[in-house]
Amino acid sequence: MSRFDAIVIGAGINGLAAAATLARAGKSVCVLEQAAAPGGMATLRLDDGPELAPLLWNLSPVVLKAFNIDPATLGLGAPLPAVALDPGGAHIVLRGGWATSLSGETHADGPAFQRLHGQLVTYGALLRRLAEAPPPGGGTLLSQPGLAQLLRLSRLGLDLKRMGKPEMRRFLQVLLSNAYDLILDEMPDGPLAGLLAADAVRGNATGPRSPGSVFTLIYRMGHGGEVRRPEGGMPNLIRRLDEALQKTGCTIRTGTPVARIILEDDRVTGVETKGGEIIEAPRVLSSLGPKSVLGLTGAEAFDIEAARRIRHLRTRGTVAKVNLRLTAPRVPGLPDDLSAARLVYAPSADYVEAAFTPSKYGSLSEAPVIEATCVAAPDGRPWLSANVQYAPADLDGGWDDAACDRLRQITLDTLARALPDLPGAVEELQVIPPTRIAAETGAAGGHWHHAELALDQIFALRPGNGMGRYAMGPRGLYLCGASTHPGGDVMGLAGRNAAAAVLEGWV
Amino acid sequence: MSIFADPKLGLVPGPVHDRLAEQSRAMAWYDWAGYIAPSVLDSVEFEYFALRNQASLFDISPMHKYRVTGPGAVAMLNRMVTRDIRKIAVGRVGYTLWCDEAGHVIDDGTLFRLGEDDWRLCCQEPMLSWLDDAAWGFDATITDESHTVAGFSLQGPTSFAILEAAGLALADLKPFAFATPEDGLLVSRTGFTGDLGYELWCDWDAALPLWDRIWKAGAHRGLRAIGYEAVDIARLEAGFLTAGVDFQPVHATERLHRGRTPFELGFGRMVDLGKGHFNGRRALLAARAAPRSRLLRLDIEGFKPARGALIYDRFNRELGHVTSGVWSPTAKRNIALAHVKMPQAEAHPARLWAEIYTHEEGRWTTRMARATPMKAPAFAPARARATPPARF
Amino acid sequence: MSENRRYDVIVAGAGHNGLTAAAYLARAALKVVVVEKNDWIGGAAVSRSLHEGWTYSNCSYVCSLLRREVARDLDLPKYGLQVIPYEGGGSFTRGGDYFAYYSDHNALRREMARHSPRDADAYHRYSQAIMRQCRFIRPFLLRDAPDPASIRPRDLGELGYLVKKAWGLGKRELGETLRFWTMSIGDLLDEHFENDLIKAHLAGSGIIGTGLGVYSPGTAYVLLHHYMGDIDGGIGAWGFARGGMGAISAAIAAALKDHGGTIHTGSGVSEILTRDGRVTGVALEDGTEFHAPVVASNMDVKRTFLKHVAPNALPDEFRRAVERFKIRGSSAKLNIALDRFPAFPAAPDHASFIRGDMHVSESLWELERAYDDWKVGRWSERPYIDMLIPSQIDPTMAPAGAHMMTVFVQYAPYDLEVGGIRSGENWTEDQRKAMAETVLGQIEVACPDIRDRILHMEVRSPLELENEVGLTEGNIFQGELTFDQLFFNRPLPGYSQYDSPIRGLYLCGSSAHPGGGVMGAPGANAARTILRREASGKKLRGYAA
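Definitions and limits used
- Residues numbered from 1 in each chain as written.
- Chains lettered and ligands numbered in written order.
- Predicted model: local features only at pLDDT ≥ 70, side-chain atom pairs only at ≥ 80, totals over all residues.
- Heavy atoms only, no water.
- Helix = DSSP H or I, 4+ residues; strand = E, 2+ residues; numbered from the N terminus.
- Buried < 20%, exposed > 50% of the residue type's maximum accessible area, 1.4 Å probe, protein only.
- Contact = heavy atoms within 4.5 Å.
- Lys, Arg positive; Asp, Glu negative; His and termini not counted.
- Charge placed at Lys NZ, Arg CZ, Asp CG, Glu CD.
- Rg over C-alpha atoms; globule rule 2.2 N^0.38 Å.
- Areas by Shrake-Rupley, 256 points an atom, 1.4 Å probe, with all protein chains shown as cover.
- Buried area = accessible area lost by both parts, 1.4 Å probe.
- Salt bridge = Lys/Arg side-chain N within 4 Å of Asp/Glu carboxyl O.
- Polar contact = N/O pair within 3.5 Å; in protein donor to acceptor, adjacent residues only side chain to side chain.
- 1 Å grid on protein atoms, 1.4 Å probe; cavity = no way out; pocket = protein on both sides within 12 Å on 5 of 7 lines; lining within 4 Å.
- Points joined across faces, edges and corners; volume = space filled by probe spheres on them.
- Nonpolar A, V, L, I, M, F, W, Y, C, P; charged D, E, K, R; others polar.
- Pairing = 2+ DSSP bridges.
- Axes fitted to C-alpha atoms, helices over the stretch in contact; angles between N-to-C directions.
- Phe/Tyr/Trp six-rings, centres within 6.5 Å; stacked < 30°, edge-to-face > 60°.
- Lys NZ or Arg CZ within 6 Å of the ring centre and 35° of its normal.
- Parallel < 35°, antiparallel > 145°, perpendicular 65-115°, else oblique.

Enquirer: Would you take a moment to explain the overall build of chain C for this structure?
Expert: Along chain C, the regular secondary structure elements total 17 helices and 23 strands. Taken over the C-alpha atoms alone, chain C extends approximately 65 × 60 × 50 Å along its principal axes. Sorting the 545 residues of chain C into buried and exposed places 66% on the buried side. In chain C, of all internal contacts separated by at least 6 residues, the share reaching a separation of at least 24 is 72%. Between the averaged position of the 61 positive side-chain charges in chain C and that of its 66 negative side-chain charges there is a distance of 7 Å.

Here it is in structure tokens:
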């Protein structure tokens, strides 16, 4: 039997970040991971395919600091260009918010796109202030955490003011509105608008016309809006984090699923692993969503209202992973320098909304939104790793083989509209539906953010009213995963914030 | 198109409405959970004295009744209510309250342990969706028996004798116990009057014959059908609370702070903080030390009922209000229940004043009456607890 | 220029808000004229007789939101306003069943229990939750929305009031309130109820008049917008104005005239005149000019600034912002004269809920699909209909024995799609007829003999609403009720207090805070602002003093 100051369940990026933050504060921490290796959803691989999440949008420098890692040494690579695929072949290349044709001429809507992109990046930086700390509400106004929160909020207010009145007003106007209108107010509908609309809804069960999609679009832009592919891929990044964490003396045990969280007199005393081992600690932080935690404690540990909120948390995943094994080292139809680019098939904002519509009723999008990127493989035959949206977790009739086959075909057909030579260069397709993601990682609904990033499920309301400060139910029990503020996306802030909140109340 | 009354509107008859209608001379009915219920059948005075002197029969079928069954029933109910229900043995009935997450009382009621994993909850407020929420995550099934199980309250000194005359020998039945003397009939020694009494439970369809049978048995023992006004006097004498009158069930409040904790209602002893987690426990732990108010039983000078009166301290500062007030014909006291502010009311509890509003001959006046907190209920006769009970 | 065309204030548009603003101003002893393009007054709160013997509430058709402060301040009952609550409502199903939303709570409880005993209980908690939200929001309706970018004492004061009210809720309830404001009516109902029909019935108020679906975030607020009214303290109750909705406008107009105001009908504003950034008056279509230092426009923000103000009189950024304002038509209307009462075979004999609002939508998903149709420019294949027969209660609407039926239709797009082109121009006579057919098909679910009962029918697409009433794109709220256009964002950030970049030019219609519905609040609030800002030094009577 072993004893720690805290146990962290799950070694995804948030679990690792939580552990690192605690360990850096001198606490003894044990991380328990059910899978054979850390990394969680980011590094999930099936049948020798590529990792589930090959791209980095939002890795937080604040989190890296907790690991004591200098971002410069991490090999995060250069920002990747994006290609807005056009069914007519007039693909648009985006580099740092600047739009050109394949041959390099500035796109007609380039300036408008750049303006909007810049605006969103500014907004993103603003919201990042909120993302980098637990939501307010801890302690009284006069306590130390209370004052720190007040200071943080005043700084945010100051930043807002500094934008100038018109920009501040514009920000407060669009923040809660829908991406579709925001985008189309600035540019005509087309692949550029489609790309932004697709980025706005990526991973969520929402369409660009739904209010709240501007928020999720800004979320993507929280760290500058650049996309990178870490050298050696996501597993390499996770390995670095893992190593850094080990240096702090933190214990990481993989292949150790937790069977239950042990409670005594309404407080946490430790966990019991599926192997029957008891590990003691007065605090348990779970990267799993609240519903899974409730499964580990029993519903009786929670108030009825809390259980009700947990039950109603919306966690419907809508993205399936389709990995296409290519026969040649590059994507046919694109120049060499774009072979590593982020490819987005979303020819218009209307297209994205239309793709969303059937998913509401549990059907596959016949014309889905696809984001794809090439992931090198040792034998020179790379994987084109594609996120296909919308492919709802609660598909009518379930995710049987026929449904997976159907998705394979839809994916190929859709990509072929912009890249007609692609199907001939594909030798194998893996389909990982949201249900499989859920089963492998424990993320409810296979949702990228473990819980829908909707306006009523963000900030202090994430994952539910009364749970926004990471503590839930019995004393010593905390959430630290993507289902908490600010959310997922290989960012690590949820874990780091959770640990910060735990440290605030440390006795 | 002409306008006729919509037959679907309004109140519906309960299981023994025909009998009550035959009895009713006062034609005074009220709405009890949508059923036509008697306020008074002929006169409050005689109905009350029948209850305290002979026996009374009151239809309590409109109560909400829920069955909770399954291997998870105990855990589920224990998480929901404030007392430790594991201590209620099979065949026993327990009074309990349940709270929301803020520790405010949702409702109170009685829990019948019909079997190891078989419970019946009787309460005033509709509770199906709450029970449904409470059962999530537990292996327990909730069944609404509100409209399938009927109940009568047979109360008063001759109630035991009447049961005996009706062929129901229950001499050994202790207070808060129940028995099933016949198939389809459950008799519990419970009530809302503080007197010797029983509650009889049966299928809705079996209610009428059962009523007639009791009625016949009571013919020579002064049995009288009564309405709620008589019960209301008796329950105040016994110090019982009525939801919606003496406390506002928190689910029926628009202003959430008007909810009350069990401590504030004087039910601290019904809260078992040591039994493990239950709904609202965390909030109650924090709220226990500093109740915002307290429900007091008051003995008020004079004889004018104090319902609606405001309570003042000796410096004329407003401290609270009376929720129920009545002249107790048995205790010969003017009794009331009142919410008073804490801790102010504790400073000089003996010096409280009630401002009573009276309407006499077309004129409203107020009068100040001294109000003294009572430790015990105004009326708690030993006959209520004697086992075996006396025959009169 | 003749002296009698000089006024203190000109109000452009005789909708109920324009009349309200005018009446308040006239009451404060200002010389006020209301100019109206139609030969009649009322805007969308109008009663007209298009078929002899029958009066239609042509546009808006039921009343609840009219602020009682407005009714009292303007003494509207004295001028004949009578609002009669109606009795519940119901939803019919294609399978021949119905859900009756009785106003009698016992009957409602039994009826809900017939569909789901659990939901009958859940309704208690649900309605308390809604009431709590109404209680929170109502005080804000007649207050100014603070500009968060401003540090003027008034704005800080209003912001302080908001913070104080929010703080007063307590942590938990504040969280519930924030959730409520940001969630969809569909999700809210799914949390409380299990029965599809009950959910569909309760969801209607969340989408009426909006370009949102039941699962779009923000629709729970729209529901609130329909619930925050009351009749004689019966919160959330709806009723008929005796004589149709025009009776409200007529009463306000009578109050206005009584206070010395005038109404000039038959010629609309062609241009709002400005000089050096200040309004000077209006020029009418017939060439008449009225002059005043203050003009209050009851027209929506788009129509006011894009059609009636010279482009060079406005800053470019402001014009851009107005162009971006979302005002999408999503509703249509059928007004039907019936030879006698239609049969509702599914309803029990003498059902009282027939005197309320009736619907035929059976599930949230059906409603969501209705929205999907609208998104792509078609009227819903199965629209949500809100159908009432006010002549059952109001003897003034139709000859004895005959009846008048009003049918509100959600969704019908303004920019109808035909052959890949989306445009309001596509609303031809044939298209309107085709839509009416769709709607009649829906009505038939409840009353199969409806077609035999029709003596006359008025069909209003969003285009007619735009052309006749002047609502841009036929949006009944003069602008979407979404977060980006509510409270301090309504109609535009920085201009939420009824003012505009042109000094002396104000908005007093539903484009302004707190938004649409026959509420009178924007009109009353605008009048208060005008009196505060423009009438200092003048002797005021009563209201603003």
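Enquirer: Even after reading the chapter, I still don't get the overall build of chain B, so can you show me in this structure?
Expert: Secondary structure summary: chain B contains nine helices and 19 strands in total. Relative to the globule expectation of 21 Å for 392 residues, the C-alpha radius of gyration of chain B, 21 Å, shows essentially globular dimensions. Its C-alpha atoms give chain B principal-axis dimensions of about 65 × 60 × 55 Å. Buried residues in chain B amount to 56% of all 392 residues. Within chain B, contacts between residues separated by at least 24 positions form 68% of all contacts whose residues are at least 6 apart in sequence. When the accessible surface of chain B is split by element, carbon and sulfur atoms take 53% of a total near 16000 Å².

Enquirer: Would you mind going over the interface of chain B and chain A with me for this structure?
Expert: You'll often see interface size given as the accessible area lost when the parts meet. The interface is formed by 16 residues belonging to chain B together with 18 residues belonging to chain A. For the pairing of chain B and chain A, the buried interface totals around 1600 Å² over both sides, and the portion due to carbon and sulfur atoms is 49%. If you look at where chain B meets chain A, you find six salt bridges. Measuring nitrogen to oxygen at the nearest pair gives 2.6 Å for the salt bridge that ties B:Asp133 to A:Arg311. Applying the counting criterion to the chain B and chain A interface returns 13 residue pairs in polar contact (both at pLDDT 80 or more). Of all the elements in the fold, those that place two or more residues in the side of chain B that touches chain A are helix H3 (73-80), helix H4 (128-135) and helix H8 (281-287) of chain B. Counting residues per element, the side of chain B that touches chain A draws most heavily on H4(B), which supplies three residues.

Enquirer: Please clarify how empty space enclosed by the protein should be interpreted in this entry.
Expert: Take a probe with the size of a water molecule and roll it over the atoms, and the empty space left behind shows itself. This structure, assessed with the given rule, holds nine cavities of 30 Å³ or more. Here the largest cavity defines a volume of roughly 600 Å³. Of all the elements in the fold, those that place two or more residues in the lining of the largest cavity are helix H12 (304-312) of chain A together with helix H4 (117-141), helix H6 (171-182) and helix H7 (185-192) of chain C. Per-class residue counts for the lining of the largest cavity are nine nonpolar, eight polar and 13 charged. For the second largest cavity, the calculated volume is near 160 Å³.

Enquirer: When you look at the pattern of salt bridges in this model, what are you seeing that I'm missing?
Expert: Close approach of charged atoms allows side chains of opposite charge to pair. What the rule picks out here adds up to 98 salt bridges over all chains. With its nearest N and O atoms 2.6 Å apart, the salt bridge here joins C:Asp372 to A:Lys360. Of this pair, C:Asp372 sits in helix H13 (residues 364-375) while A:Lys360 sits in helix H13 (residues 349-360), on two different chains. One exposure class covers both C:Asp372 and A:Lys360, and it is buried. What emerges from the salt-bridge pattern is a single network uniting A:Arg309, B:Asp100, B:Glu101, C:Arg172, C:Glu176, C:Arg179 and C:Glu191.

Enquirer: For this particular structure, what's the right way to read the environment of A:Leu126?
Expert: Counting through the fold element by element, A:Leu126 comes out in helix H4 (residues 110-131). A:Leu126 has contacts with A:Leu156, A:Asp159, A:Leu160, A:Met163 and A:Phe171, leaving out every residue within four places of it along the chain.

Enquirer: Where do I start with the interface of chain C and chain A in this structure?
Expert: Contacts between the two partners involve 38 residues from chain C and, on the opposite side, 28 residues from chain A. For the chain C face of the interface with chain A, the top three residues by lost area are C:Ala149, C:Arg324 and C:Lys375, together amounting to 16%. Viewed at the interface, chain A and chain C are joined by 10 salt bridges. Those elements giving two or more residues to the side of chain C that touches chain A turn out to be H6, H7, helix H12 (316-324) and H13 of chain C.

Enquirer: Explanation requested: the sheet that holds strand S18 (residues 352-360) of chain B in the structure shown.
Expert: The strands that make up a sheet are held in pairs by hydrogen bonds between backbone atoms, and each pair lies either parallel or antiparallel. All names here are of chain B. Spatially, six strands are ordered S14-S17-S16-S15-S18-S19 in a closed barrel, and the strand pairing comes out antiparallel. Recorded for the sheet is a direction-independent mean angle of 40° between the axes of neighbouring strands. The pairing of strand S16 (residues 318-328) with strand S17 (residues 333-341) spans eight bridges and is classified as antiparallel. Note that in S17 the partner of Trp327 across the bridge is Asn334. Where helix H7 (residues 228-238) meets the sheet, its contacts fall on S16 and S17, and the angle it forms with S16 comes to roughly 120°.

Enquirer: What exactly am I supposed to notice about the packing of aromatic side chains here?
Expert: A ring pair, where both rings are aromatic, is described by two values, the distance of the centres and the angle of the planes. Going through the model one piece at a time under the given rule, you end up with 42 aromatic pairs over all chains. With a centroid separation of 6.5 Å and an interplanar angle of 45°, the aromatic rings of A:Phe215 and A:Tyr219 are classed as tilted. Taken as a pair, A:Phe215 and A:Tyr219 lie in helix H9 (residues 213-220) at a separation of four residues, close to a single helical turn. Each member of the pair, A:Phe215 as well as A:Tyr219, is classed as buried. Each ring, one from A:Tyr361 and one from C:Trp365, has its centre 5.4 Å from the other, and the planes form 70°; the classification is edge-to-face. On the criterion of chain membership, the pair formed by A:Tyr361 in the loop between H13 and strand S14 (369-375) and C:Trp365 in helix H13 is interchain, its members lying in two chains. Among the residues examined, A:Tyr361 registers a relative accessible area of 13% and is labelled buried. Residue classification places C:Trp365 among the partly exposed positions, given a relative accessible area of 35%. Members of the aromatic cluster, joined through ring pairs, are C:Phe136, C:Phe140, C:Tyr161, C:Trp181, C:Tyr221, C:Phe487 and C:Phe488. One cation-aromatic arrangement involves A:Arg283 over A:Trp506; the distance from NZ or CZ to the ring centre is 3.5 Å.

Enquirer: Which parts of the structure should I look at to understand the side chain of A:Arg209?
Expert: Here A:Arg209 shows up in the loop between helix H8 (191-201) and H9. Salt bridges are absent for the buried A:Arg209, whose nearest opposite-charge side chain, A:Asp350, sits at 4.7 Å.

Enquirer: I'm lost on the packing of helix H11 (residues 290-297) of chain A against H12(A) in this one. Help?
Expert: Describing two packed helices takes the angle between their axes plus the distance from one axis to the other. Residues and elements named next belong to chain A. Remark: H11 packs on H12, axes separated minimally by 9 Å, with the N-to-C direction vectors making an angle of 130°. Relative to H12, H11 is oriented oblique. On the side of H11, the interface is formed by Pro290, Lys291 and Leu294, while H12 contributes Ala307, Ile310 and Arg311. Considering only residue class, the contact of H11 with H12 consists of four nonpolar, no polar and two charged.

Enquirer: What am I meant to see in unusual backbone geometry here?
Expert: Leaving glycine aside, a negative phi is the common case for residues, and trans is the common case for peptide bonds. Cis geometry is found at the peptide bond from A:Arg462 to A:Pro463, where omega equals -5°. Its place among the elements puts A:Pro463 in the loop between helix H15 (434-441) and strand S17 (477-479). The linkage connecting C:Arg490 with the following residue, C:Pro491, adopts the cis geometry, with an omega of -10°. Residue position: C:Pro491 is located in the loop between helix H16 (462-469) and strand S23 (505-507). A positive phi angle, close to 50°, is found at B:Ala33, a residue other than glycine. Tracing the backbone shows B:Ala33 in the loop between strand S1 (28-32) and strand S2 (35-40). With a phi angle near 55°, C:Phe487 is a residue other than glycine that sits in the positive phi range. Along the chain, the position of C:Phe487 falls in the loop between H16 and S23.

Enquirer: Any chance you could explain the environment of A:Leu59 here in plain terms?
Expert: Residues and elements named next belong to chain A. With respect to the element layout, Leu59 can be found in the loop between helix H2 (40-43) and helix H3 (61-66). The sequence separation of Leu59 and Leu80 amounts to 21 residues, and the corresponding C-alpha distance is 15 Å. Not counting residues within four places of it along the chain, the set of residues in contact with Leu59 comprises Ile13, Leu64, Leu74, Leu76, His223, Leu237, Val490 and Met491.

Enquirer: Where do I start with the pairing of strand S11 (residues 185-188) of chain B in this structure?
Expert: All names here are of chain B. Neither face of S11 is left uncovered, since the one carrying Leu185 and Val187 and the one carrying Leu186 and Ser188 both have all their residues buried. Summarising the sheet, strand S10 (residues 178-182) and S11 pair through three bridges and their orientation is antiparallel. Bridge pairing in S11 links Ala179 to Val187.

That is the geometry; function is a separate question.
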